[in-house]
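# Topology and contacts: notes
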Amino acid sequence: MKLYTILKWTRRVLAVAVIALITYFFIFSSANATGIWAALLKVQFIPGVLGITTGGALTVTVILLLTLLFGRVYCSMLCPLGIYQDIVNRIAWFIKSRQKRRTHYSKPNDGIRYGILAFVTVCVVFGFTYPLVWLDPYSLFGKMAVNLGRPLVAGITGAEYYTWSWPAFAFAAAFFTFITLLAAFRGRYYCNTICPAGTLLGLVSKISMFRIQVNESECRHCLLCGKSCKSYCLDSSGIKVDHSRCVVCLNCIGSCNTKAVTYAFAWKKKVAIVRKKEEPTAENKGRRAFLISALGAGVSAGAGVVLLNRFKGKARVKVGAGLPPGAGNLERLQDKCIACHACVAACPSHIIKPAYGELGWQGFLLPSVSYENGFCGFECQKCQEVCPSGALQRMSLEDKKLTKLGVARFTLENCIVYKDGTDCGACDEHCPVKAVAMMPREGSDKLFPKVTPKVCIGCGGCEYICPARPKAIVVIPMAEQRRADAPLIDVQIKVDIEGFGF
Amino acid sequence: MKRRNFLKTAFLGTIAGTVGLRAPRLMAGNASAEAAEANPAALPDIVAVMGGEPVDLYTRAIAEMGGMKQYVKPGMKVVIKPNIGWDKTPEYAANTNPDLIAAIVRDCRAAGAAEVKVFDHTCDQWKGCYENSGIQDAVKEAGGEVVMAHEERYFREVSLPMGVRMKKAKIHEAIVDCDVWINVPVLKNHGGAKMTICMKNYLGIVWDRRYMHSNDLQQCIADAATYEKRPVLNIVDAYRIMTQNGPKGRTTDDVQTPKAIFMSKDIVALDTAATQFFNQYKTMTINDASHIVLAEKHRLGTTNLSSLNIKRIRL
């Protein structure tokens, strides 16, 4: 008993630490992209799957292995949305009457969950990741933390909030309401019915090495364990534990008066024997047929969406906003990004915002770049540091400094120097590569901006600071990031001077 | 704290304090500085020192200017305004030298300043600027305080009755509330204003720099400098200077290292002198950087250096 208490408290402490840290970083750290933050995001399952070729393989292997050994510990200790639901559920438990606290075994919604898993798998395998923007638990938590948490904190502290987005807020608020109510009244319903990560890990946890087990000889079928199960997966009347839905919270063990419920080594022959006993009853057959049809529906829906997406045509993509550095191109971003908005939170210059229409319908809520509030810091790659799926590919700072997000376009007629005949040079001042430089022009004694497009990296410094209305210099975003030419060399001979000159 | 420890600390503190106060003058070892302190009228209008490390240059120059006690009295709230505009390390000369800023903060503290605040309304993202310029750490270590200036709420509107194009501006609250402030720019060329020295450094105490850029930049710079609370001292950091691709610069190729410092109470005269100094590297006149001439029209100082008492020192 004591061991279980320790285990259970270990889970609680770890879970609370994980969610507290993740929430803290998402909400407060605009420029403190510390290693801990990045590390906490790197252990998330679905980002790991999507970034399997860019460092996610380790994450996926470790999580699958952990699940194979101990069950769905990822769901209870690492997934922020899972932990959030546990916390809501616990708070609701305190509020509810004794009667209402009780849960009970309920049948799994196999049709829905395997259908969704099949659908998502087909989509992801064929490079259509967008459904995960709406389904991945970690990124849903990120969207809530960034689009609800950050404006709230900004409102309280009186700081300015730069990355406000109505669609993202509406999405986050709607999901927040949904998940909070669901968790309060139905426990881990989301994790066991909708979440594709939960369903997939559930397939593994079915055969995990350590599992919750009910000892038939000691069980008095009092149902106490089932009443404390937030996954609704434990039935002591017929002694059924649905391990695919169990998130090893260990609540059942504490509730048992006869120590019949244990969390123990389960790779014994006994389990296999039990399985052999199962006979193909009519009910079983019906269930199997139903499952197959659900899978079929999922697969065909996935195939349909993928095909639809393919047939849309590969015409030159035009984007209404830029992509964060390291995204590569729009297609790659759509393949790898699940819109967790960690980059939105991390960008110290507040240039990354959730897109609504700028990146097409498949780009809804994906990170896009605009320069109303700042420009891309030349020395900065915070977004790449925090990105958990490698959607924003981490690169050397030297490479990042040559990554072209767009190209500056200058309109002489709008320029202050042309309109008013007075000095300005704000664009030149901000350009880190001197793709914009002040040059003399015939018929004027003033200096005018001149753009060298090949060198321009589209950081937006010029656009951001341009004081003219309409702006005389803007960055035209590109759907495909390229490598800019290295800045022009202008070596200067070092001189020693003798006098002061005055 | 035990009484013995307290007494020990108090005793050592007294010694440290006394030595600290004395250090600049001891190191300067210059009789004229001592004499000048007694008679402010005899102080030079401009002090220029060349050929040393930032702290040595400063120590000598401030001694010639009569010591920091001339400008900072005990209990005063002091602001030091360097140029921290860019996310660049010191060797790029995009920002004021951190060692120099640290020396000034220490000196102000030694002169009895109640608080010493340092800020800039940066161009690049502020955190990167504060950190990589080395100024944040230097100031903290020297006993000063770095304050933020990246949001409009830190700025308060003041009127500039003498202004031609800019009649009012939002100025950083630290400047508005302080007793004295010291202007410490780095010497650089500038694509728009042509030169960025003392007066151009005012863009970092003003919130809306776009207004200034779009309403005759040169005139607006001169107008900003008419703000009634003038810097009690201007110090130009010319240890490293940027002679091309300014004010941000790209590589260390843009930098020259004359190892100099200039000080004056007259902002126009100091900008004039610094421009003439710069002219030894790249052709530049105060007519190009016309805010200097415009400021003279505002009677903020003189561009006629021959009328001034200039002290030129080579270490």
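Residues numbered from 1 in each chain as written. Chains lettered and ligands numbered in written order. Predicted model: local features only at pLDDT ≥ 70, side-chain atom pairs only at ≥ 80, totals over all residues.

Another aspect to go through is the overall build of chain B. Secondary structure assignment for chain B yields 11 helices and 13 strands. The buried share of chain B, taken over its 315 residues, is 56%. Looking at chain B alone, contacts between residues at least 24 apart form 75% of all its contacts between residues at least 6 apart. (Helix = DSSP H or I, 4+ residues; strand = E, 2+ residues; numbered from the N terminus. Buried ≥ 20, exposed ≤ 12 C-beta atoms within 10 Å, placed from the backbone. Contact = placed C-beta atoms within 7 Å.)

Residues and elements named next belong to chain B. Their axes nearest at 8 Å, the elements helix 4 (residues 98–110) and helix 6 (residues 135–142) cross at an angle of 25°. The orientation of helix 4 relative to helix 6 falls into the category roughly parallel. Crossing of helix 4 against helix 6: the hand is right-handed. Residue-level contacts link P98, D99, I101, A102, V105 and R106 of helix 4 to I135, A138, V139, E141 and A142 of helix 6. Residues of the contact of helix 4 with helix 6, tallied by class, amount to eight nonpolar, no polar and three charged. (Axes fitted to C-alpha atoms, helices over the stretch in contact; angles between N-to-C directions. Parallel < 35°, antiparallel > 145°, perpendicular 65-115°, else oblique. Left-handed = near helix turned anticlockwise from the far one by under 90°. Nonpolar A, V, L, I, M, F, W, Y, C, P; charged D, E, K, R; others polar.)

If you look at the biggest cluster of nonpolar residues, it comprises 236 residues, and the most contacted ones within it are I101, I261 and F262 of chain B. Among the elements that line this core, the one with the most residues is helix 8 (residues 110–125) of chain A, at nine residues. Ignoring sequence-local partners within four residues, the contact set of I261 of chain B consists of V49, L57, Y58, A61, I235, V236, D237, A238 and Y239 of chain B. (Core = buried A, V, L, I, M, F, W, Y, C linked by C-beta atoms within 7 Å.)

Turning our eyes to something else, we now look at the packing of helix 8 of chain A against helix 13 (residues 196–205) of chain A. All names here are of chain A. Between helix 8 and helix 13, whose axes approach to 9 Å, the crossing angle comes to 105°. Taken together, the axes of helix 8 and helix 13 lie roughly perpendicular to each other. The residues of helix 13 that touch helix 8, namely those facing R113, Y114, I116, L117 and V120, are P196, T199 and L200. Split by residue class, the contact of helix 8 with helix 13 holds six nonpolar, one polar and one charged.

At the junction of the two partners, chain B supplies 38 residues and chain A supplies 39 residues. Elements represented by at least two residues in the side of chain B that touches chain A include exactly strand 1 (46–50), helix 5 (126–132), helix 8 (209–214), helix 9 (217–224) and helix 10 (267–278) of chain B. Across the side of chain B that touches chain A, the residue classes tally to 11 nonpolar, 15 polar and 12 charged.

Once that is clear, we can look at the environment of V79 of chain B. Residues and elements named next belong to chain B. Here V79 is to be found in strand 2 (residues 77–82). A C-alpha to C-alpha distance of 6.5 Å links V79 and C178, two positions 99 residues apart in sequence. In contact with V79, not counting residues within four places along its chain, are K117, A174, I175, C178 and W181.

Residue and element names in this part refer to chain A. Here helix 1 (residues 2–28) is 27 residues long and its end C-alpha atoms lie 38 Å apart, about the 39 Å a rise of 1.5 Å per residue gives. Taken together, the buried positions of helix 1 are A15, I19, I22, F25 and F26. If you follow the buried residues of helix 1, they end up packed against helix 2 (35–42), helix 5 (73–78), helix 6 (80–95), helix 10 (137–157) and helix 19 (342–346). (Expected span 1.5 Å × (residues − 1).)

Here we take up the confidence of the model for chain B. Residue and element names in this part refer to chain B. Mean pLDDT over chain B: 90, with 87% of residues reaching 70 or higher. Taken together, the stretch residues 18–36 has pLDDT below 50 and engages in 24 contacts with residues farther than four places along the chain or on a different chain. Both confidence scores are given for the complex: pTM 0.87, ipTM 0.84. (pLDDT = per-residue confidence, 0-100.)

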